[in-house]
Amino acid sequence: MFSFFKKKSPSPAEPSSAPVPDAASAPAADAPTGGGALGWLRKSFGAQDAAAPQAAPAADEAPPAVPEPAPKPKGTRQGWMERLKSGLRKTGGSIATVFTGTQINDALYEELEDALLMADTGVKATQHLLADLRRRVKEAKATEPAAVKALLADALADLLRPLEKPLVIGAHQPTVIMVAGVNGAGKTTSIGKLTRHLADHGESVLLAAADTFRAAAREQLGVWATRNTVEIISQEGGDPAAVSFDAVTAGRARGKDVVLVDTAGRLPTQLHLMEELKKIKRVVTKADATAPHEVLLVIDGNTGQNALAQVRAFDDALSLTGLIVTKLDGTAKGGVLAAIAQERPVPVYFIGVGEKVEDLETFDAREFAQALLA
Ligand SMILES: Nc1nc2c(ncn2[C@@H]2O[C@H](COP(=O)(O)OP(=O)(O)OP(=O)(O)O)[C@@H](O)[C@H]2O)c(=O)[nH]1
């Protein structure tokens with residue numbers, strides 16, 4: 001039930017992919033042409049059959065800091081629940097104090113309204129939760145604030161449930177996953193963690209460093225690739241769509257299970273950069289007619305209502321298939337998941353409560369609601 005992703009066999013009914021183009025042949029009209037597919041520098045990290053040997057970093061370039069991998073925790077889901085609870089303490093703490101009194105009255109509901117709004121739950125989700133809670137309290141004939149708190153956890157779990165969905169791998173080969181988000185949201189870190197989980201489950205992964213502008217971003221992804229002994233397609237400068245096209249083509253030719261495309265951070269207001277993202281998506285489809293199979297947005301849980309605005313903007317531009325919500329540790333704005341469920345219910349595949357590999361886990365509505373109101 002709590003496996004990190006769901007493995008599915010390719011369905012014979014799936015439309016067949018476009019043929020793998022010859023590496024030297026020019027990509028289709030929308031695809032990048034500068035230098036041709038072979039003109040790009042490719043770096044391989046820890047791979048045996050990558051296109052080119054690994055380029056050594058320049059002596060004066062310190063490799064970017066990437067948290068050391070930690071051994072898998074013993075208690076797995078139990079350990080995760082504890083981390084989730086402690087991560088959500090700031091958000092949940094102020095909501096929980098509402099229930100420390102002795103009476104269920106209008107003042108309690110008003111305090112709860114304030115606390116939910118402060119947690120960035122948003123007006124619509126807050127109104128929904130309050131109305132739902134009043135109904136549940138009446139039905140259950142609850143008389144103790146503690147019982148109301150338990151009923152709020154039920155209401156929240158029900159609101160969040162439509163966001164629960166497993167990431168499915170294997171229906172296509174490769175499963176092409178494009179990852180977008182604003183700067184610093186945690187894209188590369190989340191891709192690294194996801195790569196680790198996939199590699200641990202025997203899935204072969206190819207990474208595409210489609211942030212062609214920032215050397216540190218490419219290097220950071222390279223460190224994750226090395227650590228997980230997976231291949232990476234990387235290029236300095238040039239067109240990010242070119243790297244993505246190349247990676248999907250290579251992923252197909254090399255029979256990879258998953259191709260993960262890491263894109264550069266951007267704000268939804270940077271319209272030319274949003275156009276660039278749309279181009280990456282179109283070009284990926286040129287390399288494989290069925291791809292991308294997943295378009296994920298990584299959002300920083302600390303940004304609260306702003307994260308909801310990002311979901312709307314990126315969904316409008318790219319038709320998102322899923323979210324990864326990071327940095328729920330230490331935020332007071334974890335209520336944003338309820339706002340997303342109410343206003344733009346894009347499935348949440350994973351949530352993150354820290355920088356280590358085990359700090360990223362699948363999203364479970366009930367677990368989240370219980371951890372929040374623990
Ligand atoms: N506390 C905490 N930190 C996180 C989490 N996820 C990522 N980070 C940290 O957030 C910082 C930014 O993460 P990156 O993965 O580099 O973000 P990015 O979106 O790839 O950044 P750009 O490439 O600049 O757009 C790093 O220091 C990560 O270690 C999380 O769940 N909790």
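Small disclaimer: the values here were computed from a predicted structure and weren't measured.

Visitor: Explain the environment of Ile-280 here, please?
Guide: On the secondary structure map, Ile-280 appears in helix α9 (residues 271–287). The exposure class assigned to Ile-280 is buried, which follows from its relative accessible area of 0%.

Visitor: Where do I start with the packing of helix α6 (residues 187–200) against helix α7 (residues 215–228) in this structure?
Guide: In a pair of packed helices, the angle between the axes and the distance between the axes together describe the arrangement. It is at 10 Å that the axes of α6 and α7 come closest, and there the two elements cross at 15°. Between α6 and α7, the angle is such that the two are roughly parallel. For the crossing formed where α6 meets α7, the hand is right-handed. Contacts from Thr-188, Thr-189, Ile-191, Gly-192, Lys-193, Thr-195, Arg-196 and Ala-199 in α6 reach Ala-217, Gln-220, Leu-221, Trp-224 and Asn-228 in α7.

Visitor: I would appreciate a short explanation of the sheet that holds strand β7 (residues 294–300) in the present structure.
Guide: The sheet built from eight strands is open, its strands ordered β5-β4-β6-β3-β7-β8-β9-β10 with mixed pairing. In the strand order of this sheet, the two ends are held by β5 (231–234) and β10 (360–362), each with one partner. With strand direction ignored, the average angle separating the axes of adjacent strands in the sheet is 20°. Contacts from helix α8 (residues 240–253) reach β3 (175–180), β4 (205–210), β5 and β6 (258–263) within the one sheet, and its direction differs from that of β4 by about 170°.

Visitor: Would you take a moment to explain the site of the ligand for this structure?
Guide: The environment of the ligand is made up of 18 residues, and the closest members are Lys-187, Thr-188, Thr-189, Asp-329 and Glu-355. Between an oxygen atom of the ligand and a main-chain N or O atom of Gly-265, the distance comes to 3.5 Å. Within the side chain of Glu-355, a nitrogen or oxygen atom sits 2.5 Å from an oxygen atom of the ligand. Contact with the protein chains covers 81% of the free accessible surface of the ligand, which is 650 Å².

Visitor: Before we go on, may I ask you to explain the pairing of β6 in this structure?
Guide: Within a regular beta strand, the side chains point alternately toward one face of the sheet and then the other, so they alternate between its two faces. Most of β6 is tucked away: six of the six residues are buried. Residues Val-258, Leu-260 and Asp-262 of β6 are buried on one face, and the alternating residues Val-259, Val-261 and Thr-263, pointing to the opposite face, are buried as well. As defined by bridge partners, β4 adjoins β6 across six bridges and the pair is classed as parallel. Paired with Ala-209 across the strands is Asp-262, a residue of β6.

Visitor: I'm lost on the packing of aromatic side chains in this one. Help?
Guide: The way to describe two aromatic rings as a pair is by their centre distance and the angle between their planes. Taken as a whole, this structure holds two aromatic pairs when the rule is applied. One Lys or Arg, Arg-227, reaches over the ring of Trp-224 and ends 5.3 Å from the middle of that ring.

Visitor: Help me understand the packing of α9 against helix α10 (residues 305–318) in this model?
Guide: Two elements in contact, α9 and α10, have axes separated by 10 Å at closest approach and are oriented at 45°. By the criterion of interaxial angle, the relationship of α9 to α10 is oblique. For α9 against α10, the interelement crossing comes out right-handed. The residues of α10 that touch α9, namely those facing Met-274, Leu-277, Lys-278 and Lys-281, are Ala-313, Phe-314, Ala-317 and Leu-318. Grouping the amino acids of the contact of α9 with α10 by side-chain chemistry returns six nonpolar, no polar and two charged.

Visitor: Sorry, what's going on with empty space enclosed by the protein here?
Guide: A water-sized probe rolled over the atoms picks out the places where empty space is left. If you walk through the whole model with that rule in mind, you get one cavity of 30 Å³ or more. Size it by volume and the largest cavity reaches roughly 60 Å³. Forming the walls of the largest cavity are Ile-95, Leu-116, Thr-121, Leu-156, Leu-160, Gly-334, Gly-335, Ala-338, Phe-368 and Leu-372. Only α5 (145–160) and α12 (365–372) provide two or more residues apiece to the lining of the largest cavity.

Visitor: Looking at this structure, I do not really get the environment of Trp-224. What am I missing?
Guide: Within the fold, Trp-224 resides in helix α7. Since its relative accessible area comes to 2%, Trp-224 is described here as buried. As for Trp-224 and Gly-192, which are separated by 32 residues in sequence, their C-alpha atoms are 5.3 Å apart.

Visitor: What exactly am I supposed to notice about the nonpolar core here?
Guide: Here is a general trend for soluble globular proteins: nonpolar side chains tend to be buried in one another's company. Counting residues in each nonpolar core, the largest one holds 106 residues, and the members touching the most others are Ile-95, Leu-160, Leu-260, Leu-337 and Ile-351. Beyond its immediate sequence surroundings of up to four residues, Leu-160 is in contact with Leu-337, Ala-338, Ala-341, Phe-363, Ala-365 and Phe-368.

Visitor: Mind showing me how you'd approach the layout of surface pockets here?
Guide: As a volume, the largest pocket reaches approximately 480 Å³. Sorting the residues of the lining of the largest pocket by element identifies α6, α7 and β6 as the ones contributing at least two each. The element best represented in the lining of the largest pocket is α6, accounting for five residues. When its residues are assigned to classes, the lining of the largest pocket shows seven nonpolar, 12 polar and eight charged.

Thresholds, definitions, all that
Residues numbered from 1 in each chain as written. Predicted model: local features only at pLDDT ≥ 70, side-chain atom pairs only at ≥ 80, totals over all residues. Heavy atoms only, no water. Helix = DSSP H or I, 4+ residues; strand = E, 2+ residues; numbered from the N terminus. Buried < 20%, exposed > 50% of the residue type's maximum accessible area, 1.4 Å probe, protein only. Axes fitted to C-alpha atoms, helices over the stretch in contact; angles between N-to-C directions. Parallel < 35°, antiparallel > 145°, perpendicular 65-115°, else oblique. Left-handed = near helix turned anticlockwise from the far one by under 90°. Contact = heavy atoms within 4.5 Å. Pairing = 2+ DSSP bridges. Near = heavy atom within 4 Å. Polar contact = N/O pair within 3.5 Å; in protein donor to acceptor, adjacent residues only side chain to side chain. Areas by Shrake-Rupley, 256 points an atom, 1.4 Å probe, with all protein chains shown as cover. Phe/Tyr/Trp six-rings, centres within 6.5 Å; stacked < 30°, edge-to-face > 60°. Lys NZ or Arg CZ within 6 Å of the ring centre and 35° of its normal. Nonpolar A, V, L, I, M, F, W, Y, C, P; charged D, E, K, R; others polar. 1 Å grid on protein atoms, 1.4 Å probe; cavity = no way out; pocket = protein on both sides within 12 Å on 5 of 7 lines; lining within 4 Å. Points joined across faces, edges and corners; volume = space filled by probe spheres on them. Core = buried A, V, L, I, M, F, W, Y, C linked by side-chain atoms within 4.5 Å.

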